[in-house]
Amino acid sequence: MAMPPPAHRPPGPRGHGREIHTLGEFDAAVARPGGLAGLRVQSVDLTRRTFALLSASAAAAVFLGCAMEPEAAAKVRADGAFVFPPVPDLPFDPYRSRLYTPDELYAGIGETGYASTPDALAYAWFGRTRADGDIFSSMLRSLHDDAVSDALDELLEGTRVVGVMGGHATGRGTEGYAGAARLGRSLARSGLTVTTGGGPGAMEAANLGAYLAPYPDEALPQALAVLATVPSFTPSVTEWARAAFDVRARWPRGGDSLGIPTWFYGHEPPNAFAGHHAKYFANALREDGLLARSTAGVVFLPGAAGTVQEIFANATPNYYGSLGAPTPMVLVDRAHWTARLPAWPLLEALAAGRPMASRVALVDSVDEAPAALERLAQA
């Protein structure tokens, strides 16, 4: 899986048709001439495919976290395959071939609460190993994060992605939360893939709006009322998440969107409304990748230090043109970005006289953001 850093991979088809993610794909491969030669088999349980592994050529194949019987493992190694075995007693799969779903991250929350969920267990493992200097733990985190980046690129291929950035502290039941939800709904209805940092607050609200986009308008205020009964993930992540799953049960076939959270800030739980979560251990990869993949632009809602950092992390490649043509940047709430945290004057000064000048805008309200984004995209 030697690849360029996740945020700077070249565009184009992922995997070059060589990746095997399911038993069905494996069975189809072994039936073809050449068998498994040169393929990458990723996190597939092959314990019931011993005969196929003994029969097919596996020259130059790579097996990433695939359980198999000892005789099968010995045979494919003899063929010249590379075998990266599963790692026991981990709360996550470092070779995973797909993104996470909320149901996967929150499995078991209805019975035993958040502390026993896969999300919480992975965060606890990270807390134990992040500073112990163990190269093995560091390698496992890197393998995991690269696998997540690969799955993310495969999911987003050919889609128009818009990022929505905003603070985690925006509480359910506030106008800021409702506005971010309306924004996510509007962007999703326009055909864009809404992408957020995947956490609570404004991030959850934007994913909620995208989730409810297929439903009539009245679904959103009804859902907001349900969520407002548990305004924050503190003091109880369990109750906060259960309220979100109650909304999903009432409106069960919502629209898709993406969250890109991190266990680096694992005290901020992932929200249940993003259909897919690309969850990372390394926050730097997560932030860079989130912005780089927002190819249709980014809307910045009022936030604090994290959102300010994201504004200028997005502005830098737009300023230098390092990722191609500048992408639209819309800052929401004039008073916030000119007086409370005056990021807009600096952004405007940076953009002056450069191609990105026609791709930045400041608007007063969140309801103006979709039109501003569309206008900048046509500039």
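Criteria and thresholds
- Residues numbered from 1 in each chain as written.
- Predicted model: local features only at pLDDT ≥ 70, side-chain atom pairs only at ≥ 80, totals over all residues.
- Heavy atoms only, no water.
- Buried < 20%, exposed > 50% of the residue type's maximum accessible area, 1.4 Å probe, protein only.
- Helix = DSSP H or I, 4+ residues; strand = E, 2+ residues; numbered from the N terminus.
- Right-handed = clockwise from strand over helix to strand, strands pointing away.
- Pairing = 2+ DSSP bridges.
- Expected span 1.5 Å × (residues − 1).
- Polar contact = N/O pair within 3.5 Å; in protein donor to acceptor, adjacent residues only side chain to side chain.
- Axes fitted to C-alpha atoms, helices over the stretch in contact; angles between N-to-C directions.
- Parallel < 35°, antiparallel > 145°, perpendicular 65-115°, else oblique.
- Left-handed = near helix turned anticlockwise from the far one by under 90°.
- Contact = heavy atoms within 4.5 Å.
- Nonpolar A, V, L, I, M, F, W, Y, C, P; charged D, E, K, R; others polar.
- Arc of directions from axis to C-beta.

1. Quick word on the pairing of strand E5 (residues 161-165)
Of all five residues in E5, five are buried; the element is thus mostly enclosed. Taken together, E5, helix H8 (residues 175-189) and strand E6 (residues 193-196) form a β-α-β motif whose crossover is right-handed. Relative to strand E9 (residues 298-300), E5 is paired through three bridges, and the arrangement is parallel. The residue of E9 that forms the bridge with Gly163 is Val298.

2. Remarks on the sheet that holds strand E4 (residues 82-84)
Ordered in space as E1-E2-E3-E4, the four strands form an open sheet in which the pairing is parallel. Edge strands, defined here as strands with exactly one partner in the open sheet, are strand E1 (19-20) and E4. As defined by bridge partners, strand E3 (residues 62-64) adjoins E4 across three bridges and the pair is classed as parallel. The partner of Phe63 across the bridge, within E4, is Val83.

3. Points about helix H7 (residues 135-156)
In this model, H7 (22 residues) spans 31 Å end to end at C-alpha, consistent with the 32 Å of a helix rising 1.5 Å per residue. Put simply, Asp134 is the residue that caps the front of H7, since its side-chain oxygen is 3.0 Å from the backbone nitrogen of Phe136. Looking one or two residues past H7, Gly158 carries a phi angle of roughly 80°, positive in sign.

4. Observations regarding the packing of H8 against helix H9 (residues 202-211)
The interhelical angle for the contact between H8 and H9, taken along N-to-C directions, is 40°, at an axis separation of 6 Å. The angle between H8 and H9 falls in the class oblique. Between H8 and H9 lies a crossing whose hand is right-handed. Residues Tyr177, Ala180, Ala181, Gly184, Arg185 and Ala188 of H8 lie in contact with H9, whose contacting residues are Ala202, Glu204, Ala205, Ala206, Leu208, Gly209 and Ala210. Residues that form the contact of H8 with H9 fall into these classes: nine nonpolar, two polar and two charged.

5. Quick look at helix H10 (residues 219-227)
Given 3.6 residues per turn, any residue in an α-helix points the same way as the ones three and four places further on. Turning to H10, its buried residues are Ala219, Leu220, Ala223, Leu224 and Leu227. Within H10, the buried residues cover an arc of 130° as seen down the axis, which keeps them to one side.

Interpretation in functional terms is not warranted from these geometric data alone.
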